[in-house]
Amino acid sequence: MDQQTSGTWKGRPVDSEVAAQEAWQQSGKWFTYEGHAIFSRMAGQGEPLLLIHGFPTASWDWHRLWPMLVQGNHLLAPDMLGFGFSDKPRHYAYSIEDQSDLIQGMLEGLGLTSVHLLAHDYGCSVAQELLAREQEGTLPFEIASVCFLNGALFPEVHSPLLIQNLLRSPLGGLISRALTRRSFERSFIKLFGSKSRPDQQDLDDFWHLITYNNGRGILHQLIHFMEERRCHRHRWVSALQNARQPMRLISGVADPVSGAATAQRYQEMISDADVVQLKNVGHYPHFESPWEVFGAYREFRKRQ
């Protein structure tokens, strides 16, 4: 694991924002999955709430929402294998099924009998797989509720960015290793609403999470989840349609990848669909407009 020297972070003097990410890492807990070290954050009291992050970032995505949610929940936020501060093995068969095994093992190890899920992007596919397992009777715990944030729940309306298509192409390995900071920023900024784009410090933080432990070199392996979504479309959409617990989709509709079209498809496919649409918010609503997301999530939970 990389170690950061006192007084510096990413090779420069610590300021308040930089120190926040360093503190996030230093306050983490670790567990082992398949011989690999997995980073997680845990805090708060109340009903367990599992926060499942997206691609290509990590649990740090939740840091703006964290102080609001921690007041009434027992928060659990892992960096899945290959992401953030967790191990990033180069020769590994990354998959949504395997990440779901990781999450299931984590919750079993904590002895939880019930958990709420709040998932974003890639994490939405993990949540769908966990729902499918619960419906099959193979989970040792209950999923009390599920809230989705801008995930490709329906692959037929997903519109990946050019860089995502390149990473999943036969040239993906070369593209992944050759990804520059500039090309990352140019693509990443497109995901955000025009009024809520990350500043330079935010981009520094996201880039650090991606490149930590040589993570840039495995992006083409992680992105296989896009093909998994297509292959498991029936299983994962059926899990939504057959869900017995309360569900809500909070959608940043300015998201070019899984925004307005996904929200519309959700309303078409899910009976009594509960959708909250956030105007001028993009793919990272919990980062771009945490107060709006918190308000929508708190109202969702109060209704249960």
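Owing to the predicted nature of the structure, the values given are computational and were not obtained by experimental measurement.

> Residue-level account of the overall build of the protein, with values.
A count of helical and extended segments in the protein gives 14 helices and 10 strands. In terms of overall size, the protein behaves like a compact globule, its C-alpha atoms giving a radius of gyration of 18 Å where 304 residues would be expected to give roughly 19 Å. Each principal axis of the C-alpha atoms in the protein carries an extent, and together these give about 50 × 40 × 40 Å. With 304 residues in all, the protein has 59% of them scored as buried. Sequence separation of 24 or more characterises 77% of the internal contacts of the protein that already satisfy a separation of 6 or more. Looking at the protein as shown, the accessible area adds up to about 12600 Å², and 48% of this sits on carbon and sulfur atoms. Taken together, the 29 basic and 33 acidic charged side chains of the protein have centroids lying 5 Å from each other.

> Could you give an account of the packing of aromatic side chains, with specific residues and numbers?
Scanning all chains against the criterion turns up 22 aromatic pairs. Their ring planes at 80 degrees and their centres at 5.7 Å tell us that Trp24 and Trp60 sit as a pair that is edge-to-face. One end of the pair, Trp24, is in helix H1 (residues 16-26); the other, Trp60, is in the loop between strand E5 (47-52) and helix H2 (66-69), with 36 residues separating them in the sequence. Residues Phe85 and Tyr212 carry aromatic rings whose centres are separated by 5.0 Å and whose planes lie at 85 degrees to one another, so their mutual orientation is edge-to-face.

> How would you summarise the confidence of the model for the protein if you had to cite specific residues and measurements?
Of all residues in the protein, 93% have pLDDT values of 70 or greater, and the mean over the chain is 90. Segment residues 1-15: pLDDT under 50, and 38 contacts once partners within four positions in sequence are set aside and those in other chains are kept.

> Any chance you could break down the side chain of Asn150 for me, citing the residues and the numbers?
Inspection of the secondary structure assignment puts Asn150 in the loop between strand E8 (142-149) and helix H5 (162-167). Residue Asn150 is classed as buried on the basis of its relative accessible area of 0%. A polar side-chain atom of Asn150 sits 3.0 Å from a polar atom in the side chain of Asp255. Leaving out residues up to four positions away in the same chain, Asn150 has contacts with His120, Asp121, Leu249, Ile250, Ser251, Gly252, Asp255, Ser258, Gly259, Gly282, His283 and Pro285.

> Please provide a residue-by-residue account of the pattern of salt bridges, values included.
Tallied over the entire structure, the rule returns 16 salt bridges. Put simply, Arg181 and Asp204 hold a salt bridge, and the shortest N to O gap is 2.3 Å. Taken as a pair, Arg181 in helix H7 (residues 181-188) and Asp204 in helix H8 (residues 200-211) lie far apart in primary sequence, 23 residues in all. Among the residues examined, Arg181 registers a relative accessible area of 25% and is labelled partly exposed. Its relative accessible area of 16% is what places Asp204 among the buried residues. One salt-bridge network, held together by shared partners, links Asp101, Glu129, Arg133, Glu136 and Arg235.

> Can you break down the state of the cysteines residue by residue, with the values?
Following the criterion strictly, the structure yields 0 disulfides and no others. Distance from the sulfur of Cys124, which forms no disulfide, to the nearest cysteine sulfur (Cys147) is 8.8 Å. Lacking any disulfide linkage, Cys231 is separated from the closest cysteine sulfur, that of Cys124, by 19 Å.

> So what's going on with the pairing of strand E9 (residues 247-252)? Residues and values would help.
Burial within E9 is extensive, with 6 of its 6 residues counted as buried. Every second residue of E9 is oriented toward a common face, with Met247, Leu249 and Ser251 on one face and Arg248, Ile250 and Gly252 on the other, all of them buried. With 4 bridges connecting them, E8 and E9 associate as parallel partners. Paired with Val146 across the two strands is Met247, which belongs to E9. Handedness of the E9-helix H12 (residues 260-269)-strand E10 (residues 275-278) crossover: right-handed.

> A description of the pairing of E5 should follow, citing residues and the corresponding values.
Remember that side chains alternate between the two faces of the sheet whenever the strand is regular. The element E5 is extensively covered by neighbouring structure, given that 5 of its 6 residues are classed as buried. Inspection of the sheet shows E5 paired to strand E6 (residues 73-78) by 4 bridges, in the parallel sense. Counted as the bridge partner of Leu49 is Leu75 from E6. Where E5 and strand E7 (residues 114-120) come together, 4 bridges link them in parallel fashion. Bridge pairing in E7 links Leu49 to His116.

What counts, and at which threshold
- Residues numbered from 1 in each chain as written.
- Predicted model: local features only at pLDDT ≥ 70, side-chain atom pairs only at ≥ 80, totals over all residues.
- Heavy atoms only, no water.
- Helix = DSSP H or I, 4+ residues; strand = E, 2+ residues; numbered from the N terminus.
- Rg over C-alpha atoms; globule rule 2.2 N^0.38 Å.
- Buried < 20%, exposed > 50% of the residue type's maximum accessible area, 1.4 Å probe, protein only.
- Contact = heavy atoms within 4.5 Å.
- Areas by Shrake-Rupley, 256 points an atom, 1.4 Å probe, with all protein chains shown as cover.
- Lys, Arg positive; Asp, Glu negative; His and termini not counted.
- Charge placed at Lys NZ, Arg CZ, Asp CG, Glu CD.
- Phe/Tyr/Trp six-rings, centres within 6.5 Å; stacked < 30°, edge-to-face > 60°.
- pLDDT = per-residue confidence, 0-100.
- Polar contact = N/O pair within 3.5 Å; in protein donor to acceptor, adjacent residues only side chain to side chain.
- Salt bridge = Lys/Arg side-chain N within 4 Å of Asp/Glu carboxyl O.
- Disulfide = S-S within 2.5 Å.
- Pairing = 2+ DSSP bridges.
- Right-handed = clockwise from strand over helix to strand, strands pointing away.

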